[in-house]
Each structure stands twice: as structure tokens, then as C-alpha cells.
Amino acid sequence: MTAKPTVLFVCVHNAGRSQMAAGYMTALSEGRVEVLSAGSAPKDQINPVAIEAMAEEGIDIANNVPKVLTTEAVKESDVVITMGCGDTCPIFPGKRYEDWELADPAGQGIKSVRPIRDEIKARIQGLLAEILPAQV
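Here we summarise the structure given alongside this text.

The rules we used
Residues numbered from 1 in each chain as written. Predicted model: local features only at pLDDT ≥ 70, side-chain atom pairs only at ≥ 80, totals over all residues. Heavy atoms only, no water. Pairing = 2+ DSSP bridges. Helix = DSSP H or I, 4+ residues; strand = E, 2+ residues; numbered from the N terminus. Axes fitted to C-alpha atoms, helices over the stretch in contact; angles between N-to-C directions. Contact = heavy atoms within 4.5 Å. Core = buried A, V, L, I, M, F, W, Y, C linked by side-chain atoms within 4.5 Å. Buried < 20%, exposed > 50% of the residue type's maximum accessible area, 1.4 Å probe, protein only.

**Observations regarding the sheet that holds strand 3 (residues 79–82)**
One open sheet accounts for four strands, arranged 2-1-3-4; its pairing is parallel. With one partner strand each, in any of the chains shown, strand 2 (34–38) and strand 4 (96–99) form the two edges of the open sheet. In this sheet, adjacent strand axes meet at a mean angle of 15° when their direction is disregarded. When strand 1 (residues 6–10) meets strand 3, the two strands line up parallel, connected through four bridges. Within strand 3, the position partnered with L8 by the bridge is V80. Contacting strand 1 and strand 2, helix 1 (residues 17–29) crosses the sheet at an angle of about 175° to strand 2. Lying over the sheet, helix 4 (residues 110–131) contacts strand 1, strand 3 and strand 4, oriented at roughly 165° with respect to strand 4.

**Side note on the nonpolar core**
Core analysis: the largest hydrophobic core is formed by 31 residues, its most contacted members being V7, F9, M25 and I124. The element best represented in this core is helix 4, accounting for eight residues. Excluding residues that lie within four positions of it along the chain, M25 makes contacts with V7, F9, V33, V35, I124, L127 and L128. Core analysis: the second largest hydrophobic core is formed by seven residues, L8, A73, V74 and V80 among them.

So, in C-alpha cells, the structure goes:
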């Protein structure tokens, strides 16, 4: 793991789960983690309900743009998190890969998206505890 680890969040559309995860990682790491997110078939905009759910947490992802997954993004990442959507990622030695099984927020209302958001937050907090040295 590098001094400032890079974490890549991947889901098919890069419009919901991976964007919420990137938002939490950016906010909760306070700049100590480089955060990337991408999708194999990105949508043209972020899911508005994901934006609303994150706004409730004080995290603004409204100006994010879904990005296409590239081999370069995987190469430069220390940790690659796929979001339970069957995505295939290039595999490089020395990288940490995890697949987080999460419900898809696409087409869901805010009441259904909040538990997904909250599970993502808990997983981000756990990942941060593992990849960042304890603050002295």
C-alpha cells in the first residue's frame, strides 16, 4: 500500500453505488485516500436518488460524472472494489480486490436507497480502518 492509497470503486453504470462509495471515501478519508470510480457501461448522469441520499449525509455528489472503466485506473489503484454487479476488471498482481454485494439503487425510491447508502458507509468505514494507519 502506498503512502496515500488509491481506491477504485466499480459498478456497471457508475451512477449509484460506486458514486456513493466514492463520495463517502472522499469525505471520510479527509484527503488521505485518492478516490476513483468507474463503470463498464457508464450512464450519462448520476442517479438523482443517490444524489439525494448522499445530500442527506452532507455529501454532494451532484456534480460527479459517470466514467468508463479503464485498465489505467485499475493499474494505478491499490484497492479495487466492485459493487456486486458482475463486472469484470483487469487483474494485476499486488492489488487488493473485493466484491461488495449491494442492492442496486437504480429505479428505487429514497426509502429503499437509504439502507444501501448506510451499508456503503459502514463498509467504507471498515475499509478506511484497514488501509490507513491509525492517527497518532
